[in-house]
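Observations on the three-dimensional arrangement
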Amino acid sequence: QVHLVESGGGLVQAGGSLRLSCSASGRPFSSSAMGWFRQAPGKEREFVTAIRWSGGWTYYADSVKVRFTISRDTAKNTVYLQMNSLKPEDTAVYYCAVDLFSGNHYSSPTEYDYWGQGTQVTVSS
């Protein structure tokens, strides 16, 4: 059973930074892709970024390009989301997820097999 645990959320002022972590366990992830999604109240879950575990290819939503960076530490089975220049519209619950077989539809929530419990990010203006 795959288990994902996010951490690092919190309250930050606009323009500030946060780093989220997602610790993964339960199986090897060498064929997987890891994604970050977010969901604001009353809105659908939205793709943020994804990374292929092998090779480290990355993908970003246009709304976070340049400001956010995804990375992974294969030795720790952990994925990170560095968020800089945060804006109030970045406020949401952030979820990490794993696509066990690295499909091509990395921006679709239905592509992912397991999800973490989410961590709240609040950006004040």
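Residues numbered from 1 in each chain as written. Predicted model: local features only at pLDDT ≥ 70, side-chain atom pairs only at ≥ 80, totals over all residues. Heavy atoms only, no water.

A look at the sheet that holds strand 7 (residues 68-73)
Across a sheet, paired strands are connected by hydrogen bonds in the backbone, their directions being either parallel or antiparallel. Operational definition: DSSP bridges decide pairing: two strands pair if at least two such bridges lie between them. In this text, helices come from DSSP runs of H or I with a minimum length of four residues, and strands from runs of E with a minimum of two, each type numbered from the N-terminal end. Orientation is described by lines fitted to C-alpha atoms, with helices fitted over the stretch in contact, and by angles between N-to-C directions that extend from 0 to 180 degrees.
Taken together, the four strands give an open sheet; going across it, the order is 1-3-8-7, and neighbouring strands pair in antiparallel fashion. This sheet does not close on itself; its edge strands, each paired only once, are strand 1 (3-7) and strand 7. Shown here is a sheet whose adjacent strand axes are inclined to one another by a mean of 15 degrees, direction ignored. As defined by bridge partners, strand 7 adjoins strand 8 (residues 78-83) across six bridges and the pair is classed as antiparallel. Bridging across to strand 8, Thr-69 finds its partner in Gln-82.

Focus: unusual backbone geometry
Our working definition: Any residue under 20% of the maximum accessible area for its type is buried, any over 50% is exposed, and the rest in between are partly exposed; the area is computed with a 1.4 Å probe on protein chains only.
The backbone of Val-66 sits at a positive phi, close to 80 degrees, despite the residue not being glycine. Tracing the backbone through its elements, the reader meets Val-66 in the loop between strand 6 (58-60) and strand 7. Taking relative accessible area as the criterion, Val-66 reaches 84% and is therefore assigned exposed. Here the phi dihedral of Ser-85 falls at roughly 50 degrees; this positive angle occurs in a residue that is not glycine. As for its position among the elements, Ser-85 is in the loop between strand 8 and strand 9 (92-99). Classification of Ser-85 as partly exposed rests on a relative accessible area of 39%.

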